[in-house]
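Here is what each chain is made of, one letter per residue.
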Amino acid sequence: MIRPYILAETNWKSVKDSDYDLAILPWGATEAHNYHLPYSTDVIEADHIAAESARIAWESGAKIIVLPTVPFGVNTGQADIKLDLNIYPSTQLAILCDIIEVLQRSNIFKLLILNGHGGNDFRMMVRELGLKYPKMFLSTCNWFQSVDKMKFFEHDGDHADEMETSLIQHLAPDFMLPLDTAGDGKEKKYKIKEFSEGWAWAERKWSKITKDTGVGNPEFATKEKGKKYFKAVTLKISHFLIELANADVNDLYE
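Residues numbered from 1 in each chain as written. Predicted model: local features only at pLDDT ≥ 70, side-chain atom pairs only at ≥ 80, totals over all residues. Heavy atoms only, no water.

Trainee: What is the right way to read the sheet that holds strand β2 (residues 64–66) from this model?
Mentor: Hydrogen bonds along the backbone pair up the strands of a sheet, which may run parallel or antiparallel. The strand order across the open sheet formed by four strands is β2-β1-β3-β4, and the pairing between neighbours is parallel. The sheet is open, and its two borders are formed by β2 and β4 (137–142), each paired with just one other strand. Along the sheet, successive strands turn relative to each other by an average axial angle of 20 degrees, direction set aside. Sheet analysis places strand β1 (residues 22–27) next to β2, joined by three bridges and oriented parallel. Among the inter-strand pairings, Leu22 is bridged to a residue of β2, identified as Ile64. Strands in contact with helix α2 (residues 41–59) are β1, β2 and β3 (110–115); relative to β2, the strand with the most contacts, it is inclined by about 165 degrees. Docked against the sheet, helix α3 (residues 89–105) engages β1, β3 and β4, running at close to 155 degrees with respect to β1. (Pairing = 2+ DSSP bridges. Helix = DSSP H or I, 4+ residues; strand = E, 2+ residues; numbered from the N terminus. Axes fitted to C-alpha atoms, helices over the stretch in contact; angles between N-to-C directions. Contact = heavy atoms within 4.5 Å.)

Trainee: How should I be thinking about unusual backbone geometry in this particular structure?
Mentor: Negative phi is the rule for most residues except glycine; trans is the rule for most peptide bonds. Its identity as a non-glycine residue notwithstanding, Leu83 has a phi of 65 degrees, on the positive side. Here the phi dihedral of Asn107 falls at roughly 60 degrees; this positive angle occurs in a residue that is not glycine. The topology assignment puts Asn107 in the loop between α3 and β3. Classification of Asn107 by relative accessible area gives exposed; the value is 55%. (Buried < 20%, exposed > 50% of the residue type's maximum accessible area, 1.4 Å probe, protein only.)

Coordinates in, geometry out; function isn't part of it.
The following block contains the structure:
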């Protein structure tokens, strides 16, 4: 069945006579995810989370359109990991400029970048593009920060961990290997403790901190956990989409 809020599935007959208040641009990455998860993990997650959140919002009356997921992310810290595909932040900025120009020509003046990859950070781009395109209201969110995942999972992590493994078990089980093929996702921490305290930052060199490309133990992942977490995330994001689509950008503050 055609989903009219998914641009890749809908058609000119529908689009030409439709008005949209908000465009959603899911953005992932293509990279190794431990031994057991597919390189497209971030893309699969972004695709499904954007689509389900949009479905709920659409059925509540929000006029939204989901653009195709961008499958390439910033992987500058993984240059020595085979076929981890990297695009630079400057490339992302150029892509966003082109998309924004299309949206403006289509009379869509709100854009949400739905980010699904930790190496992407769009906040500075939103600042720059907001000044360059003053008619646009630009925003970004990280879906993986939308709810407290530790309410659903036993072990923390940030790459191919229990959460991501559970999600793929739920969303795309045919694309993953059995759990007993996974590494333990053990992470080496910085010796300089300030980097681990959250207020100082340096990019991690992935092959130096993990043997299996995972960060976080996936051992206790289950499809059921993934299903519950997916529902919580998409409900939270759908509410945001409704609020954002209906918002008067000239009256945002209390």
